[in-house]
Amino acid sequence: MLRYWTAGESHGKGILAVIDGFPCGIAVDTGVIDRELERRQGGYGRGGRQRLEQDRVEILSGTWRGMTLGSPIALWIKNNDYKIEKMEDLDRPRPGHGDLSGSIKYLTSIRAILERASARETVGRVAAGALARQLLAAVGIDLLGYVVALGPIDLPPRQGRLDELRALRDQSPLFSLRPDKDPEALQLIDDCRKEGDTLGGVVEVRVENVPFGLGTHAQWDRKLDGRLAQAVMAVQAIKGVEIGLGFQAARRFGSQTHDPIAYDPSRAGERCLGFVRPTNRAGGIEAGMTNAQPILIRAAMKPISTLAKPLESVHLPTKQPQAAAYERSDVCAVSAAAVIVENVVAFEIAAALVEKFGQDNIEEIRRRIDLFEEMARNR
């Protein structure tokens, strides 16, 4: 089983990600991980902390001469902005954050909650995902995340090869695929900053060249769409997840919802094994299993909870009304969310891959994929 854990606090010494079950034989490029960490810090609307941190990964275990060993891999990302022991506690919980519910649940200070609840923790998840995407690349699977809406502004994606779309996205200050609409969205972020408010949005991830059969219908907690939804919903500030048509499917007839199946013998050698679809409304997953179509998953991010013009709250010692506390924060972190969601999706796809095809060695995984696809063609 491929899985990971993260440890560390926002203003602690750093964030540690420990990955277990990663196959042997993958040449790890720390530059790939560092680029994803750098992208996570980017995007228009970020706050001051991103100028203080320069996230870089250090591999503490699980590799030898740059190759994975099959043993647990520890990834360490240092916090430059380290001051948790000197920081005062908060006494006015912020609406929308975990301040009040967390401090009551654990019968502790707000500071003890917010430092772990902070999205700073996602550097560990991005690092783990960036490692996992190197496993995916070794078997030809690629993916791309981008912003498709910012507040009320739609930034609909374009069609094209992932390498072309990636170049387009990386030129956008919002990580969208619509540079023609970026100026309108940037102006909205600037207006929000002036008003002391915050903005959310919607991100999408596309995964291509996925083989048949990742996930399963056999148990509810092993269905791939359910696992993806949980991983994405667990990202801070994500309040909704859709796969394929998502909520639109509830408003359509069945004839407008499902993807007809055809067979094209000229494509029998591809991952689709010759089974083609004119549409991809299912988003690449049917009955909890991949159907060799691209996986499409979207996530809705709420606006950041910390407002420069705070909402009303309660002063905990006196229980009297007061404005909520303010902690240094972003105006809009939707671009960062696109990076985070892309990488947590990468990890879940990699986990499903090794669950089906083994996790000991990458060459064994490749051969098992080839054998499986040959058997599927001949069934």
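Given the structure is predicted, the values throughout are model-derived calculations rather than measurements. (Residues numbered from 1 in each chain as written. Predicted model: local features only at pLDDT ≥ 70, side-chain atom pairs only at ≥ 80, totals over all residues. Heavy atoms only, no water.)

Draft legend 1. Focus on the sheet that holds strand 9 (residues 201-208). The sheet built from five strands is open, its strands ordered 8-7-9-15-10 with antiparallel pairing. Among the strands making up the open sheet, the edge pair consists of strand 8 (153-154) and strand 10 (238-243). Bridging between strand 7 (residues 142-150) and strand 9 involves eight bridges; their strand directions are antiparallel. Bridge assignment links Leu-150 to a residue of strand 9, and that residue is Gly-201. Where helix 6 (residues 162-170) meets the sheet, its contacts fall on strand 7 and strand 9, and the angle it forms with strand 7 comes to roughly 45°. (Pairing = 2+ DSSP bridges. Helix = DSSP H or I, 4+ residues; strand = E, 2+ residues; numbered from the N terminus. Contact = heavy atoms within 4.5 Å. Axes fitted to C-alpha atoms, helices over the stretch in contact; angles between N-to-C directions.)

Draft legend 2. Spotlight on the nonpolar core. In this structure, Leu-2, Ile-19, Leu-135, Val-232, Val-345, Leu-353 and Ile-365 are the most contacted members of the largest nonpolar core, which totals 77 residues. A total of 17 residues in this core trace back to one element, the largest contributor, which is helix 9 (residues 334-357). Counting residues in hydrophobic clusters, the runner-up holds seven residues, among them Tyr-146, Leu-162, Leu-165 and Leu-296. (Core = buried A, V, L, I, M, F, W, Y, C linked by side-chain atoms within 4.5 Å. Buried < 20%, exposed > 50% of the residue type's maximum accessible area, 1.4 Å probe, protein only.)

Draft legend 3. Seen up close, the environment of Glu-373. Considering the arrangement of structural elements, one finds Glu-373 in helix 10 (residues 362-377). A relative accessible area of 8% means that Glu-373 is categorised as buried. Separated by 92 residues in the primary sequence, Glu-373 and Arg-281 place their C-alpha atoms 24 Å from one another. Once residues lying within four places of it in the same chain are set aside, the contact partners of Glu-373 are Pro-211, Arg-271 and Leu-273.

Draft legend 4. Geometry of the packing of helix 5 (residues 122-138) against helix 9. At a minimum axis distance of 7 Å, the contact between helix 5 and helix 9 shows a crossing angle of 50°. As the angle between them shows, helix 5 and helix 9 are arranged oblique. Crossing geometry of helix 5 relative to helix 9 is assigned as left-handed. Between helix 5 and helix 9, the contacting residues are Thr-122, Arg-125, Val-126, Ala-128, Gly-129, Ala-130, Ala-132, Arg-133, Leu-135 and Leu-136 on the first element and Ile-340, Glu-342, Asn-343, Val-344, Ala-346, Phe-347, Ile-349, Ala-350, Leu-353 and Val-354 on the second. Here the contact of helix 5 with helix 9 is composed, by residue class, of 14 nonpolar, three polar and three charged. (Parallel < 35°, antiparallel > 145°, perpendicular 65-115°, else oblique. Left-handed = near helix turned anticlockwise from the far one by under 90°. Nonpolar A, V, L, I, M, F, W, Y, C, P; charged D, E, K, R; others polar.)

Draft legend 5. Highlighting the sheet that holds strand 2 (residues 14-20). Strand order in the open sheet formed by four strands is 1-2-6-3, and the pairing between neighbours is antiparallel. Strand pairing shows two members of the sheet lacking a second neighbour, strand 1 (3-7) and strand 3 (57-61), which therefore form its edges. Going across the sheet, the axis of each strand differs from the next one's by a mean of 20°, ignoring polarity. Here six bridges tie strand 2 to strand 6 (residues 73-78), and the two strands are oriented antiparallel to one another. Its bridge partner being in strand 6, Val-18 is matched across the sheet by Ala-74.

Draft legend 6. Main features of unusual backbone geometry. Positive phi values are uncommon outside glycine, yet Leu-107 reaches one of about 55°. With respect to the helices and strands, the residue Leu-107 is situated in the loop between helix 3 (99-106) and helix 4 (110-117). A residue is classified by how much of its surface remains accessible, and Leu-107, at 77% relative accessible area, is exposed.

Draft legend 7. Looking closely at helix 4. Three or more residues of helix 4 are buried, namely Ile-110, Arg-111, Ile-113, Leu-114 and Glu-115. Summarising the contacts, the buried residues of helix 4 are in contact with helix 3. With a side-chain oxygen lying 3.1 Å from the backbone nitrogen of Ala-112, the N-terminal cap of helix 4 falls on Ser-109. (Polar contact = N/O pair within 3.5 Å; in protein donor to acceptor, adjacent residues only side chain to side chain.)

Draft legend 8. Geometry of the packing of aromatic side chains. Taken as a whole and judged by the stated rule, the model has four aromatic pairs. Relative to Phe-275, the ring of Tyr-263 has its centre 5.3 Å away and its plane inclined at 65°; by these criteria the two rings are edge-to-face. With Tyr-263 in strand 11 (residues 262-263) and Phe-275 in strand 12 (residues 275-276), this residue pair connects regions lying 12 residues apart in the sequence. By relative accessible area, which is 37% here, Phe-275 ends up partly exposed. Summarising the aromatic geometry, the rings of Phe-357 and Phe-372 are spaced 5.6 Å apart at their centres and angled 65° between planes, so their arrangement reads as edge-to-face. In this pair, Phe-357 sits in helix 9 while Phe-372 sits in helix 10, placing the two residues 15 residues apart along the sequence. Its relative accessible area of 2% is what places Phe-357 among the buried residues. Take Phe-372: its relative accessible area is 22%, and that puts it in the partly exposed class. Three or more aromatic residues link up through ring pairs in this structure, and these residues are Phe-212, Tyr-263 and Phe-275. (Phe/Tyr/Trp six-rings, centres within 6.5 Å; stacked < 30°, edge-to-face > 60°.)

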